[in-house]
Amino acid sequence: MKRIVILGAGESGAGAAVLAKKEGFDVFVSDMSKIKDKYKRLMDDHEIEWEEGRHTEAKILNADEVIKSPGIPDTAPMVKKLRDQGTHIISEIEFAGRYTHSKMICITGSNGKTTTTSLIYHIFRDAGYDAGLAGNIGNSLALQVAEDPHEYYIIELSSFQLDNMYDFRANIAILLNITPDHLDRYDNCMQNYVDSKMRIIQNQTADDAFVYWNDDPIIKRELEKYDIKAVQCPFSELKERGSIGYIEEGQYKIEYPTPFNMEQEELSLTGKHNIYNSLAAGIASNISGIRKENIRKSLSDFPGVEHRLERVTTVRGVNYVNDSKATNVDACWYALESMRTKVILIIGGKDKGNDYNAIRDLVLQKCSGLVYLGADNTKLHNFFDPLGIPVRDTHSMRECVEACYEMAKPGETVLLSPCCASFDLFKNMEDRGEQFKTLVRNL
């Protein structure tokens, strides 16, 4: 019996364990951290052996293949030992793909992944399609393949997941953009990160589609290096040569495979970045044969994504917006660009090698104040203090919200769009956003 070892027992790891057990493997799960009770119960119900708080080498190094959680870096000691001995390491998505023939609609990019994935899922479900949501959001793909199979899977893919995918094939691959992110995981080498993102088109055939942003300079450069077999479906804000999705004279238009248009004003998502997200989602849905009236309705009534430009409330004439998902500089740029009032910007957290020059001009143009929120705000002080904008230094969400309340004037917007990861002060970006919303609503 072939032995599968799974490192990490979160959503993807526990789901992979259930699928591996169903397919007849000898399965062992190991997690250096504490495993959540719901995943312990899931594994116990399927009689899967697991351990937490340690990695027992004797039970791991004898694996025929290892499924690694995307959150575990290649520099982890156990991963290095496995690689040194030649053990094949894959992702949960790669493993699940071996046991299904369902259609895969896969979305990646530095920004906009969750919104676009959620919007496509919304369109498919509203149209009556049998679709599952997986990857970075939704339930484990492997668990769905094992116990709740669907005809279509809408999958948000991070660069970390793509790194350990080899034979998996996306029927529709969507690449929204490529800007610096997670460079600390890629030896601070942008090309390494770019190469990871481009893996989304590997294994595509002439029967597949590749949807991408035509205005992204990095994508344009990279495309010259690849022999792309899939049908190319580029989109852009304005009609350009080759773009099959664009905005023209206030109309949202898609040309392929069948013509589709609607008023731009009818789109539920606003802001330049959401034009791109809506175009990518509409193209993928059109390619999948969803009826035009269904696409039009869903693009008009999509409620948006939690923690992404989420309006919280208005207090004393000040709008509060939760954009905790903005964990890189480019995401913050899009958030600031969409603002129509003066802004008190909350910024800070675990820096991933950020270059803040990209938002410097927008900060000068839009911001009446900056509130730093992090364990160590030194880099923020060094970059932003010389701009001459009022700043406050805070080290907890309570301090932060109190500072914003004192600084903001009626008619302004308090925007939590941190540019950084959340792990210095919070469990994750959701925790950061939830704390912000709770404290703001209690003002």
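Worth saying up front: this structure is predicted, and the values here are computed from it rather than measured.

Trainee: Which residues make up the sheet that holds strand β20 (residues 413-416), and what values go with them?
Mentor: Reading across the sheet, the six strands line up as β15-β16-β20-β17-β18-β19 and stay open at both edges, with mixed pairing between neighbours. With one partner strand each, in any of the chains shown, β15 (310-315) and β19 (391-394) form the two edges of the open sheet. This sheet shows a mean twist of 20° between the axes of neighbouring strands, independent of strand direction. Inspection of the sheet shows strand β16 (residues 318-322) paired to β20 by four bridges, in the parallel sense. Residue pairing across strands places Val321 opposite Leu415, the latter belonging to β20.

Trainee: Requested: an account of the side chain of Ser91, with residues and values cited.
Mentor: As for its placement among the helices and strands, Ser91 is situated in the loop between β5 (88-90) and α5 (92-97). What makes Ser91 buried here is its relative accessible area of 4%. Engagement of the side chain of Ser91 in a polar contact is seen with the backbone nitrogen of Glu94, the distance being 3.1 Å.

Trainee: Please set out the sheet that holds strand β3 (residues 49-52) residue by residue, giving values where relevant.
Mentor: Pairing in this open sheet of five strands is parallel, and the strands run β3-β2-β1-β4-β5 from one edge to the other. The open sheet has two free edges, formed respectively by β3 and β5, since each of these has just one partner strand. Averaged over all pairs of adjacent strands, the angle between their axes in this sheet comes to 20°, without regard to strand direction. Where strand β1 (residues 3-7) and strand β4 (residues 65-68) come together, four bridges link them in parallel fashion. Across the sheet, Ile4 pairs through a bridge with Glu65, a residue of β4.

Trainee: Kindly report on the packing of aromatic side chains, identifying the contributing residues and their values.
Mentor: Per the counting criterion, the structure on display carries 13 aromatic pairs. Relative to Tyr152, the ring of Phe124 lies with its centre 5.4 Å away and its plane at 70°, an arrangement referred to as edge-to-face. Taken together, the residues span a long stretch of sequence, with Phe124 in helix α6 (residues 113-126) and Tyr152 in strand β8 (residues 152-156) at a distance of 28 residues. Looking at Tyr152, the relative accessible area reads 13%, which means it is buried. Measuring from centroid to centroid gives 4.8 Å for Phe383 and Phe384, while their planes differ by 75°, and the two rings are edge-to-face. Through a chain of ring-to-ring contacts, three or more aromatic side chains come together here, namely Phe25, Phe95 and Tyr99. Between Arg185 and the ring centre of Phe160, over which it is positioned, the NZ or CZ distance is 3.6 Å.

Trainee: Now, about the pairing of strand β11 (residues 231-235): what can you tell me, with residues and values included?
Mentor: Pairing of strand β10 (residues 209-213) with β11, which is carried by five bridges, proceeds in the parallel orientation. In the strand pairing of β11, Tyr212 is matched with Pro234. Read as a crossover between parallel neighbours, the route from β10 over helix α10 (residues 217-223) to β11 is right-handed.

Trainee: So what's going on with a negative patch on the surface? Which residues, and what values?
Mentor: Taken together, the side chains of Asp130, Glu147, Asp148 and Glu151 make up a negatively charged region of the molecular surface. Among the structural elements, Glu151 can be located in the loop between α7 (141-147) and β8.

Trainee: Describe in detail the environment of Lys253, supporting the description with residues and values.
Mentor: Tracing the backbone through its elements, the reader meets Lys253 in strand β13 (residues 251-254). Lys253 sits in the partly exposed class, given a relative accessible area of 23%. Placed 247 residues apart in sequence, Lys253 and Ile6 show a C-alpha to C-alpha distance of 45 Å. Here Glu248 takes part through its side chain, which lies 2.9 Å from a polar atom of the side chain of Lys253.

Trainee: Now, about the pattern of salt bridges: what can you tell me, with residues and values included?
Mentor: Counted by the stated rule, this structure contains 24 salt bridges. For Lys40, the salt bridge is made with Glu52, and the minimal N-O distance between the two is 3.0 Å. With Lys40 in helix α2 (residues 37-45) and Glu52 in strand β3, this residue pair connects regions lying twelve residues apart in the sequence. A relative accessible area of 23% places Glu52 in the partly exposed class. A salt bridge links Lys253 to Glu248; the nearest nitrogen and oxygen atoms lie 2.9 Å apart.

Trainee: Tell me about the nonpolar core, and name the residues and values.
Mentor: Core analysis: the largest hydrophobic core is formed by 55 residues, its most contacted members being Ile155 and Phe210. If you tally residues by element for this core, the top one is helix α1 (residues 11-22), at six residues. The next biggest cluster of nonpolar side chains, apart from the first, holds 40 residues, and it includes Ile137, Ala209, Leu279 and Phe302.

Rules behind the numbers
Residues numbered from 1 in each chain as written. Predicted model: local features only at pLDDT ≥ 70, side-chain atom pairs only at ≥ 80, totals over all residues. Heavy atoms only, no water. Pairing = 2+ DSSP bridges. Helix = DSSP H or I, 4+ residues; strand = E, 2+ residues; numbered from the N terminus. Axes fitted to C-alpha atoms, helices over the stretch in contact; angles between N-to-C directions. Buried < 20%, exposed > 50% of the residue type's maximum accessible area, 1.4 Å probe, protein only. Polar contact = N/O pair within 3.5 Å; in protein donor to acceptor, adjacent residues only side chain to side chain. Phe/Tyr/Trp six-rings, centres within 6.5 Å; stacked < 30°, edge-to-face > 60°. Lys NZ or Arg CZ within 6 Å of the ring centre and 35° of its normal. Right-handed = clockwise from strand over helix to strand, strands pointing away. Patch = residues over 30% accessible without salt bridge, like charges linked within 9 Å, V, L, I, M, F, W, Y side chains within 5 Å. Areas by Shrake-Rupley, 256 points an atom, 1.4 Å probe, with all protein chains shown as cover. Salt bridge = Lys/Arg side-chain N within 4 Å of Asp/Glu carboxyl O. Lys, Arg positive; Asp, Glu negative; His and termini not counted. Charge placed at Lys NZ, Arg CZ, Asp CG, Glu CD. Core = buried A, V, L, I, M, F, W, Y, C linked by side-chain atoms within 4.5 Å.

Spatial relationships are all this shows, so hold off on functional conclusions.
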